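Listed here are the chains, written in short residue letters.
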Amino acid sequence: MVSARKAEKKRRGHSRLKTNKDLFLAFFRVGLLGFGGGPAAIPLFHREAVTNYKWMTEDEFGDTLALGNTMPGPIATKMAGYIGYRVNGMVGCLIALAASVIPTVVMMIVLLGVLQKYKDLEWVNSMSAAVVPVVGVMLAVMTWDFFQKSGKSLGIGRAILFTAIAIVLLELLNIHPAIVILGVLILSLTTFKKGVGSK
Amino acid sequence: MIYWSIFLAFFIPGILGYGGGPASIPLVEKEVVDRYGWMTTQEFGEVLALGNALPGPIATKMAGYIGYMEGGILGSIVALFASVAPSLILMVLLMVTLLKYKDSPKVKNITKLVRPVIAVLLGAMTLQFFMTSVDTSGTVQTVILIIVSYWLLEIRKIHPAFVILLALAYGAISGIV
């Protein structure tokens, strides 16, 4: 553990540049592969930040996503900006934002000029349409992961109960996610004295 | 001054749009078409359609493009800043506060209790994506794509980037729309 930390310190000097490069590449990939707007890119963010670069744990990612959902504004840039900030402060934040936003905006400006002359966008639309079910599969896998983790930390009975409550509130009563998550925040900060379930 | 108008036009949807970029698109339309008259509804629809066909977050693509049309590169930067900065700053501040107390059992509870909610939100999004796909590409194509992409992603463990590129190629060749 100690030697690992020493190695980390030694590495830190010349690894800044590499970190910045990693941040740029990670969010550049997310930006270019995320078809269907920011929310569709959430599995891709997860892949880069948790699986690939291990910038945050599964739990931290879940918390970030939850908090991101309680706040207004585009989710992709909130995630990119915050993860970038966590990894390398303001510089990291700006790099992550630039990587996820600028390439696609430039593409949009350039392509709109060209493509508006040829209004027939059928093959472009077909390309995007084929990606939609793939994103669906990635989201389904993440859904299952979150549910399983829930079962582990809360106990399977309580996990099912809380999931059922969440389904009723979000899907049947159509209460806004921001309000539900805010409710959970307030509930966990005020009512429970000790931890819930096992660690 | 045009830059101030651009700032307001994207700042307001940015702080009112809950549920990510796609949720704020109607708000952007209200500002751009109704209030400032920079585009007609028809034009806005065309830009949106192309934006949806391209990768990347939709809110910033719309902001960047419309900002550029109205105020050049500086307009594009102003629009992007207005739609991104306010919510991001709020997010960073709140997360930093939360992380400070991350060892308190109460904050740990947040992680545990919020998980089922996130699972449900993701589950709902999953359904939405599958249903959109059935609408645009038909049931048969959707089922084929789901099975093949599940096999590639989860059983063969192929990187999502390649799976997405394969899907793009398949879409372009087969013309499923």
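All of these numbers come straight from a predicted model, not from anything done at the bench. Each chain has its residues counted from 1, following the order in which its sequence is written. Just so you know, chain letters begin at A and ligand numbers begin at 1, following the order they were written in. Where totals are concerned, whole chains, interfaces and linings use all residues; where local detail is concerned, this predicted model gives features only for residues with pLDDT of at least 70, and gives and counts side-chain atom pairs only at 80 or more.

Novice: Just give me the short version of the packing of helix α2 (residues 42-52) of chain A against helix α3 (residues 58-70) of chain A, but keep the residues and values in it.
Specialist: All names here are of chain A. The interhelical angle for the contact between α2 and α3, taken along N-to-C directions, is 145 degrees, at an axis separation of 10 Å. The element α2 and its partner α3 pack so that their crossing is right-handed. Contacts between α2 and α3 involve I42, H46, A49 and V50 from the former and E58, F61 and L65 from the latter. Residue type decides the class: Asp, Glu, Lys and Arg count as charged, Ala, Val, Leu, Ile, Met, Phe, Trp, Tyr, Cys and Pro as nonpolar, and the leftover types, Gly among them, as polar. When the residues that make up the contact of α2 with α3 are grouped by side-chain class, the tally is five nonpolar, one polar and one charged. Between the N-to-C directions of two axes lies an angle of 0 to 180 degrees, each axis being a line fitted to C-alpha atoms and, for a helix, fitted only over the stretch in contact. Strands here mean DSSP runs of E at least two residues long; helices mean DSSP runs of H or I at least four residues long; both are numbered from the N terminus. Handedness of a crossing is defined here by the sense of rotation of the near helix relative to the far one, left-handed for an anticlockwise turn of less than a right angle and right-handed for a clockwise turn. Working definition of a contact: two residues with C-beta atoms, positioned from the backbone, lying within 7 Å.

Novice: Which residues make up the interface of chain B and chain A, and what are the values?
Specialist: How big an interface is tends to be reported as the loss of accessible area on association of its parts. Across the contact, 85 residues belong to chain B and 94 residues belong to chain A. Contributing elements (two or more residues each) for the side of chain B that touches chain A: α1 (2-16), α2 (21-35), α3 (41-53), α4 (58-100), α5 (105-137), α6 (139-155) and α7 (160-174) of chain B. Here the side of chain B that touches chain A gets 27 residues from one element, more than from any other, and that element is α5(B). Partitioning the side of chain B that touches chain A into residue classes produces 52 nonpolar, 27 polar and six charged.

Novice: Report on α2(A), specifying residues and quantitative values.
Specialist: All names here are of chain A. Counting other C-beta atoms within 10 Å of a residue's own tells you its class, since 20 or more makes it buried, 12 or fewer makes it exposed, and anything in between is partly exposed; those C-beta atoms are placed from the backbone. The element α2 is largely enclosed, with a buried count of eight among its eleven residues. The set of residues buried in α2 consists of I42, P43, L44, F45, H46, R47, E48 and A49. Once α2 finishes, K54 follows within two positions and takes phi at roughly 55 degrees, a positive value.

Novice: If you had to explain helix α7 (residues 177-190) of chain A to someone new, which residues and values would you point to?
Specialist: The α-helix winds at 3.6 residues per turn, so residues separated by three or four positions along the chain end up facing the same way. Here the expected span of a helix is defined as 1.5 Å times the quantity of residues minus one. Here α7(A) contains 14 residues, and its C-alpha end-to-end distance of 20 Å stays within 8% of the 20 Å for a straight helix at 1.5 Å per residue. Taken residue by residue, α7(A) has P177(A), V180(A), I181(A), V184(A), L185(A) and S188(A) as its buried positions. Projected onto a plane normal to the axis of α7(A), the buried residues spread over an arc of 140 degrees and lie on a single side. Every exposed residue of α7(A) that faces more than 90 degrees away from the buried side is listed here: I186(A) and T190(A). Looking at the buried side of α7(A), the elements it contacts are α3 and α6 (156-172) of chain A together with α5 of chain B. The arc in question is the one spanned by the directions pointing from the helix axis to the C-beta atoms.

Novice: How would you summarise the confidence of the model for chain B if you had to cite specific residues and measurements?
Specialist: Each residue carries a pLDDT score, the predictor's own confidence in it, on a scale running from 0 to 100. Residues of chain B with pLDDT of at least 70 account for 98%, and the chain-wide mean is 86. Across the predicted assembly, pTM comes out at 0.74 and ipTM at 0.74.

Novice: Explain the packing of α1(B) against α4(B) to me, and be specific about the residues and the numbers.
Specialist: Residue and element names in this part refer to chain B. At their nearest, the axes of α1 and α4 sit 8 Å apart, and the two run at 40 degrees to each other. Here α1 is positioned oblique relative to α4, judged by the angle of their axes. As α1 runs across α4, the sense of the crossing is right-handed. In contact with I2, Y3, I6, F7, F10, F11, P13, G14 and I15 of α1, α4 contributes A63, G67, E70, G71, L74, G75, V78, A79, A82, S83, P86 and S87. Relative orientations are named as follows: roughly parallel for angles under 35 degrees, roughly antiparallel for angles over 145 degrees, roughly perpendicular for angles from 65 to 115 degrees, and oblique for any other angle.

Novice: So, the domain arrangement of chain B: which residues are in play, and what are the values?
Specialist: Residue ranges for the domains trace back to a domain assignment, done automatically or taken from a database. What the domain assignment reports for chain B is domain 1 (2-100) and domain 2 (105-174). Measuring from the centre of the C-alpha atoms in domain 1 of chain B to the corresponding centre in domain 2 of chain B gives 26 Å.

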